[in-house]
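Secondary and tertiary structure notes
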Amino acid sequence: MGVFFDEPTYPVIDKAPHFWKTVGNFNWKDWATFAGTAAACYPFGWAVGVAPKVPKQSALMGATIGALGGFMLAHQQSAGRLMGFFPNDKEVETGLASKR
């Protein structure tokens, strides 16, 4: 785990959440970020691949890279909420703080 130089400004639910707890904490905005970046990168990959005549392969690679980037961004947001660095009112209300 890294070293944090900032103090959390919101209630801390888990100081060091593991991968599956973070993924389990995804809300609809996180899933929309994940799916939206993949969907947005597909046509961009297609457009890039038209000139070298490999649009399908380029589009799939663009969607894959977009999905990975979107997942990493969603994971960062979810982990930030669990660690208290981002607003986490909903997580505190639902009682995630008691399920450590």
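Below, the structure is looked at part by part. For clarity, every value in this text was computed on a predicted model and none was experimentally measured.

Topic: unusual backbone geometry
- In this structure, Lys-53 is a non-glycine residue whose phi angle is positive, near 65°.
- Assignment of secondary structure puts Lys-53 in the loop between α2 (28-49) and α3 (55-83).
- Here Lys-53 falls in the exposed class, since its relative accessible area comes to 70%.

Structural notes on α2
- Along its 22 residues, α2 runs 32 Å from first to last C-alpha, staying within 8% of the 32 Å computed at 1.5 Å per residue.
- Looking only at α2, the buried set comprises Asp-30, Ala-38, Gly-45 and Gly-49.
- Looking at the buried side of α2, the elements it contacts are α3.
- Of the residues that open α2, the one with a side-chain oxygen 3.1 Å from the backbone nitrogen of Lys-29 is Asn-27.

With respect to the side chain of Asp-30
- Checked against the element boundaries, Asp-30 lands in helix α2.
- Among the residues examined, Asp-30 registers a relative accessible area of 3% and is labelled buried.
- Those residues in contact with Asp-30 that sit more than four places away from it in its chain are Asn-25, Ala-74, Gln-77, Ser-78 and Arg-81.

Examining the pattern of salt bridges
- Throughout the structure, instances matching the rule amount to three salt bridges.
- A salt bridge links Lys-21 to Asp-14, with the shortest nitrogen-to-oxygen separation between them at 3.2 Å. For the pair shown, Lys-21 and Asp-14 are each scored as buried.
- A salt bridge links Asp-30 to Arg-81, with the shortest nitrogen-to-oxygen separation between them at 2.6 Å. Taken together, the positions of Asp-30 in helix α2 and Arg-81 in helix α3 put the pair 51 residues apart, joining distant regions of the chain. For the pair formed by Asp-30 and Arg-81, the shared burial category is buried.

So, the packing of aromatic side chains
- Throughout the structure, instances matching the rule amount to six aromatic pairs.
- When the ring of Phe-19 is compared with that of Trp-20, the centres are 4.8 Å apart and the planes differ by 80°; the resulting orientation is edge-to-face.
- Owing to a relative accessible area of 38%, Phe-19 belongs among the partly exposed residues under this scheme.
- With centroids separated by 5.0 Å and ring planes inclined at 70°, the aromatic side chains of Phe-26 and Trp-31 adopt a geometry described as edge-to-face.
- Take Trp-31: its relative accessible area is 41%, and that puts it in the partly exposed class.
- Ring pairs connect the aromatic residues Phe-19, Trp-20, Phe-26, Trp-31, Phe-34 and Phe-71, which therefore count as one cluster.

Topic: the environment of Met-72
- With respect to the helices and strands, Met-72 occurs in helix α3.
- On the basis of relative accessibility, which here comes to 55%, the residue Met-72 falls in the exposed class.
- With 42 residues separating them along the chain, Met-72 and Asp-30 place their C-alpha atoms 9.9 Å apart.

Criteria and cut-off values
Just so you know, the residues in each chain are numbered from 1, in the order the chain's sequence is written. Where totals are concerned, whole chains, interfaces and linings use all residues; where local detail is concerned, this predicted model gives features only for residues with pLDDT of at least 70, and gives and counts side-chain atom pairs only at 80 or more. Based on all heavy atoms of the structure, the side-chain values leave hydrogens and waters out of the count. Helix numbers and strand numbers start at the N terminus; a helix is a DSSP run of H or I with at least 4 residues, a strand a run of E with at least 2. Working definition: with a 1.4 Å probe on protein chains only, accessible area under 20% of the residue-type maximum means buried, over 50% means exposed, and in between means partly exposed. Between the first and last residue of a helix there are one fewer steps than residues, each counted as 1.5 Å, and that sum is the expected span. Residues are treated as being in contact if the distance between any of their heavy atoms lies within 4.5 Å. Counted as a polar contact is a pair of N or O atoms within 3.5 Å, where, for protein atoms, one must be capable of donating a hydrogen and the other of accepting one, and residues adjacent in sequence contribute only when both atoms are in side chains. Whenever Lys or Arg places a side-chain nitrogen within 4 Å of a carboxyl oxygen from Asp or Glu, that contact is recorded as a salt bridge. Stacked, edge-to-face and tilted are the three classes for Phe, Tyr and Trp ring pairs, Trp counted by its six-membered ring, which pair at centre distances within 6.5 Å; planes under 30 degrees apart are stacked, over 60 edge-to-face, the rest tilted.

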